[in-house]
Each structure stands twice: as structure tokens, then as C-alpha cells.
Amino acid sequence: MTIRIGIINVSDRASQGIYEDIPGKAIVETLNEYIKGPWEKEYAVIPDEQHLIEKTMIDMADHRKCCLIITSGGTGPAKRDVTPEATEAVCEKIMPGFGELMRAKSLTYVPTAILSRQTAGIRNQTLIVNLPGKPKAIRQCLDAVFPAIPYCIDLLEGPFIECNEEIIQAFRPKST
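The model shown is predicted, which means the values in this text are computed figures rather than measured ones.

A.B. asks: When you look at the layout of surface pockets in this model, what are you seeing that I'm missing?
C.D. replies: The method is simple in principle: a probe with the dimensions of a water molecule rolls over the atoms, and the space it marks as empty is what remains. Empty space within the largest pocket amounts to approximately 930 Å³. Those elements giving two or more residues to the lining of the largest pocket turn out to be β1 (4-10), α1 (12-15), α2 (22-34) and α6 (135-145). With four residues, α6 is the largest single contributor of residues to the lining of the largest pocket. Looking at the lining of the largest pocket, its residues break down into 14 nonpolar, twelve polar and eight charged. There is about 240 Å³ of room inside the second largest pocket. Around the second largest pocket, the lining is made up of 15 residues, and of these Lys-65, Cys-66, Cys-67, Gln-125 and Thr-126 lie nearest the centre. Residues belonging to the lining of the second largest pocket are distributed by class as follows: five nonpolar, five polar and five charged.

A.B. asks: Please clarify how the side chain of Asp-48 should be interpreted in this entry.
C.D. replies: With respect to the helices and strands, Asp-48 occurs in the loop between β2 (40-46) and α3 (50-63). Residues in contact with Asp-48, not counting those within four places in the same chain, are Val-10, Ser-11, Asp-12, Ile-53, Gly-74, Arg-80, Asp-81 and Val-82.

A.B. asks: Can you help me understand the packing of α2 against α6 in this one?
C.D. replies: Two quantities define a packed helix pair, namely the angle between the helix axes and the distance between the axes. It is at 9 Å that the axes of α2 and α6 come closest, and there the two elements cross at 35°. In the crossing of α2 with α6, the sense of the turn from one axis to the other is right-handed. Side by side, α2 and α6 meet where Ile-22, Pro-23, Ala-26, Ile-27, Thr-30, Glu-33 and Tyr-34 of the first sit next to Pro-135, Ile-138, Arg-139, Leu-142 and Asp-143 of the second.

A.B. asks: What exactly am I supposed to notice about the sheet that holds strand β5 (residues 120-123) here?
C.D. replies: Sheet strands pair by backbone hydrogen bonding; their relative direction is either parallel or antiparallel. An order of β2-β1-β3-β6-β5-β4 is seen for the six strands of this open sheet, with the pairing classed as mixed. For this open sheet the edge positions go to β2 and β4 (93-94), each flanked by a neighbour on one side alone. Judged from the two bridges that link them, β4 and β5 form a sheet pairing that is antiparallel. Directly across from Lys-93, in β5, lies its bridge partner Ile-122. Lying on the sheet, α2 is in contact with β1, β2, β3 (68-72) and β6 (126-131); it crosses β1 at an angle near 155°.

Calculation notes
- Residues numbered from 1 in each chain as written.
- Predicted model: local features only at pLDDT ≥ 70, side-chain atom pairs only at ≥ 80, totals over all residues.
- Heavy atoms only, no water.
- 1 Å grid on protein atoms, 1.4 Å probe; cavity = no way out; pocket = protein on both sides within 12 Å on 5 of 7 lines; lining within 4 Å.
- Points joined across faces, edges and corners; volume = space filled by probe spheres on them.
- Helix = DSSP H or I, 4+ residues; strand = E, 2+ residues; numbered from the N terminus.
- Nonpolar A, V, L, I, M, F, W, Y, C, P; charged D, E, K, R; others polar.
- Contact = heavy atoms within 4.5 Å.
- Axes fitted to C-alpha atoms, helices over the stretch in contact; angles between N-to-C directions.
- Left-handed = near helix turned anticlockwise from the far one by under 90°.
- Pairing = 2+ DSSP bridges.

So, in C-alpha cells, the structure goes:
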């Protein structure tokens with residue numbers, strides 16, 4: 001099975017070309033370090049519009065067959081921050097542990113981590129994970145949650161993701 005991962009940078013300014021898409025590039029760079037072997041990316045930079053976020057997630061999950069979608073941005077308390085609402089709207093199951101762990105990890109760096117509303121959920125056979133928009137926070141959050149992602153993909157009957165063990169160690173329970 002092909003490992004296909006969707007990356008969505010949710011940013012009004014990056015989607016208009018005002019800002020460089022640094023968060024999306026940070027996600028790709030991190031995944032290249034984590035994942036052993038080839039993987040394909042589906043990539044989008046879109047504005048903070050809930051219907052566009054939902055449409056892009058649905059397309060990546062249902063049509064492009066991504067086993068994992070990682071978003072960056074739109075997770076704060078500002079009026080236009082609607083990525084968690086879009087994620088919840090398209091998912092059948094919400095996975096609150098991802099957001100809880102990311103906030104706990106981020107709190108060791110900044111007290112404003114409590115303002116973050118990252119979440120995760122499952123749409124059909126796709127895990128969707130929301131990350132903050134700051135590249136440093138992206139890496140910190142992925143370092144925290146990625147060890148659980150390959151096993152989650154296994155449980156969703158997706159492709160086997162093998163990690164570069166010297167960089168990140170995936171946790172898979174031992175068979176009994």
C-alpha cells in the first residue's frame with residue numbers, strides 16, 4: 001500500500017502569497033525525518049474558511065486516499081480560527097487524546113498553549129491531526145504524538161508506516 005499523507009496549511013496570508021508557507025514545509029521536513037522509505041504527499045495551502053477546510057479534508061481522505069492528514073494553523077481562539085470545527089464536522093470519531101497531549105507538551109514551553117484547540121479525528125480510514133501554525137510548535141507537537149500515529153493507521157487498516165528509529169520510535173503493542 002502507498003503511504004499517502006495530506007498536508008494542509010490553513011492560513012489566509014500564506015494562501016494569498018503574503019507569507020511563505022513555512023508551516024507546511026516544516027511538516028514535510030519532519031515527516032521526511034520520521035518515515036523510513038517512500039511516501040507521497042498531497043498538499044494544499046488554503047485560507048481560514050471552514051467550508052474550504054472541510055472540502056480539502058474530504059477530498060484528501062475520500063478521493064486521494066490519504067491515510068493521514070496533518071493540518072497546520074487555525075487552532076487558536078481568533079474568530080477566523082476554525083480548523084478544529086472543520087475537523088469535527090468531517091470526522092466520525094474524535095480522538096481527544098491527541099490534542100490533550102499536544103497541549104500538555106506545549107505547556108512545557110509556553111503558557112499560552114492553553115489557548116490552542118488542536119484536535120484529531122477519524123474520517124473513514126483517515127486520521128486527521130490538527131497542529132498549530134508555528135514551525136517550532138509543529139515539531140514539538142509531532143514529536144509528542146507521532147509515536148502513536150503508525151499504530152492508529154494500522155488499526156484503520158492503512159499502510160504500514162515504518163519509522164526511522166534513531167529519530168522517532170513508533171509504538172506498536174506486542175502481540176500476545
